[in-house]
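Here's the letter readout for the chains.
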Amino acid sequence: MRLSNEPAARRRLALLAGVGLLALGAGIAVGSGSGATDDRATPKHAPREVLAAVDRLSLRQQVGQLTISSFPGNRPPAYVRRRLRAGETAGVILFGFNAGPPAQWQRLTGAVQRNARHGALVMVDQEGGEIRTVGWAGPAADQPLQGSPAMVRRAAGAAAGQLRTAGVNVNLAPVADVPASPSGALNSRAFAGDPRGIAARTRAAVEGMWAARLAATAKHFPGLGRAQVNTDDGAATIPGDLRSDLAPFRAAVDAGVPLVMLSHATYPALDRRRIASQSRPIVSGLLRGRLGFDGVVITDSIEAEAVLDGSGVALAAERSVRAGADLILMTGSASWKEVHPRLLALARRSAAFRERVRRSAARVLELKRRLGLALP
């Protein structure tokens, strides 16, 4: 993920054994139409206080809980402060240009939380090594060099403590992709090892972060390790069987990962028409139905070139929500002005879409509750 004006250099446990590609496809088709999927049920574990909180929100606020905002500079501008105070965004994603030293980070995140009445998700991209939004926090090593699962867990826990000190509560990491070729676009960002080893490291990272009450995000579902181009920069297609690619995500789900980030690649074996972030068979069928994930599903940056190749950000956001995504990640500061009005208009016109919004808002509020944030 990236801001649209950043240089390209800064862009960004078990296998599903015995399940053949045809069986996987059949399972997705069944799952996407069953009562167990995201489209037919509220979050399974949302307590009454969360459901009551979401129903206290206006429709504008419920739609707002499906959006993550961004902004330039080292303080929230007036439009972001207004949005946070009004409850019309779930929180913010911050970048290295937003803050530098620890004190500056604490001032910035403190301002965000004051305006949000201490209810904002504050996200960064802290994979390790070169991919670190908070430069003074860990992990110091890139993911491929972070070592054994035990070492990964320790590094993740230490980094999480530093990020919490900075006021961050969500890390858009770890990368759970399985590299499959020497020329893979994400090789330098993925854990080392075979699918089983990567699954163990992914689980360790999730557990290490949550021990410090930092929410981890497994990405990029259902696997981007075979991509030859980063979807920030262009379209990518991942052909063939995905059983090995899914192993780390299953491990993350089994470990209770709070968020899963959707890839913007196309997976013809699962859906020939839509990229993963806009695919109901992939989101509601595979992730929700077959893997049983009941946490928050977030898109990768909605401004990625692989998205913009097919539509503008507003239509892309609509397609993602219809597919089952809960949060639209906007790394461009102007995108909210297109995305929020479109989702709100649709929710006003359609009772089905309005209920889709309500369920996602409930998942986001449940994540906030688990992080100790204030509910509206």
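In case you missed it, the structure is sitting above this.
Residues numbered from 1 in each chain as written. Predicted model: local features only at pLDDT ≥ 70, side-chain atom pairs only at ≥ 80, totals over all residues. Heavy atoms only, no water.

Quick notes on the packing of helix H7 (residues 195-211) against helix H8 (residues 243-254)
At their nearest, the axes of H7 and H8 sit 8 Å apart, and the two run at 25° to each other. Considering their axes alone, H7 and H8 lie roughly parallel with respect to each other. Considering only the axes of H7 and H8, their crossing is right-handed. Contacts from Pro195, Ile198, Ala199, Thr202, Arg203 and Val206 in H7 reach Ser244, Ala247, Pro248, Ala251, Ala252 and Asp254 in H8. For the contact of H7 with H8, the class distribution of residues is 8 nonpolar, 2 polar and 2 charged. (Axes fitted to C-alpha atoms, helices over the stretch in contact; angles between N-to-C directions. Helix = DSSP H or I, 4+ residues; strand = E, 2+ residues; numbered from the N terminus. Parallel < 35°, antiparallel > 145°, perpendicular 65-115°, else oblique. Left-handed = near helix turned anticlockwise from the far one by under 90°. Contact = heavy atoms within 4.5 Å. Nonpolar A, V, L, I, M, F, W, Y, C, P; charged D, E, K, R; others polar.)

Things to note about the pairing of strand S8 (residues 259-262)
Neither face of S8 is left uncovered, since the one carrying Leu259 and Met261 and the one carrying Val260 and Leu262 both have all their residues buried. Across 3 bridges, the pairing between strand S7 (residues 217-221) and S8 is parallel. Looking at S8, one finds that Phe221 is bridged to Leu262. Following the chain from S7 across H8 to the adjacent parallel S8, one finds a crossover that is right-handed. (Buried < 20%, exposed > 50% of the residue type's maximum accessible area, 1.4 Å probe, protein only. Pairing = 2+ DSSP bridges. Right-handed = clockwise from strand over helix to strand, strands pointing away.)

Focus: the nonpolar core
Counting residues in each nonpolar core, the largest one holds 61 residues, and the members touching the most others are Leu94, Trp105, Val168, Phe221, Val257, Tyr267 and Leu287. Residues contacting Tyr267, with those up to four places away along its chain left out, are His220, Pro222, Gly223, Leu224, Ile238, Leu242, Ala276 and Ile282. Core analysis: the next-biggest nonpolar cluster, separate from the first, contains 28 residues, Ala46, Ile275, Ala304 and Leu343 among them. (Core = buried A, V, L, I, M, F, W, Y, C linked by side-chain atoms within 4.5 Å.)

Quick notes on the packing of aromatic side chains
A full pass over the atoms with the stated rule returns 2 aromatic pairs. Consider the rings of Phe95 and Phe97, whose centres lie 5.5 Å apart with planes at 15°: the pair is stacked. Ring geometry for Phe221 versus Phe249: centroids 5.2 Å apart, planes at 90°, classification edge-to-face. In this pair, Phe221 sits in strand S7 while Phe249 sits in helix H8, placing the two residues 28 residues apart along the sequence. (Phe/Tyr/Trp six-rings, centres within 6.5 Å; stacked < 30°, edge-to-face > 60°.)

What to know about the sheet that holds S7
Taken in spatial order, the 3 strands make up an open sheet running S7-S8-S11, and their pairing is parallel. Lying at the two open borders of the sheet, with one neighbouring strand each, are S7 and strand S11 (296-299). Within the sheet, the average angular offset between the axes of one strand and its neighbour, ignoring direction, is 25°.

Some words on helix H4 (residues 78-86)
Those residues of H4 not exposed but buried are Val80, Arg83 and Leu84. Down the axis of H4, the buried set is contained in an arc of 95°. They therefore lie on one face. Buried-residue contacts for H4 involve strand S1 (67-69), strand S2 (91-93), helix H5 (102-115) and helix H12 (336-349). At the exit of H4 stands Gly87, carrying a positive phi of roughly 70°. (Arc of directions from axis to C-beta.)

Remarks on the side chain of His220
Residue placement: His220 occurs in strand S7. At 2.8 Å, the side chain of His220 forms a polar contact with the side chain of Asp177. The residues contacting His220, other than those within four sequence positions of it, are Val175, Asp177, Leu186, Arg189, Phe249, Met261, Ser263, Tyr267 and Asp300. (Polar contact = N/O pair within 3.5 Å; in protein donor to acceptor, adjacent residues only side chain to side chain.)

Observations concerning the side chain of Asn115
Looking at the element boundaries, Asn115 is found in helix H5. Using a relative accessible area of 13% as the deciding quantity, one classes Asn115 as buried. Of the polar contacts made by the side chain of Asn115, one reaches the side chain of Arg85; its length is 2.8 Å. Ignoring anything within four residues of it in the chain, the contact list for Asn115 reads Arg81, Leu84 and Arg85.

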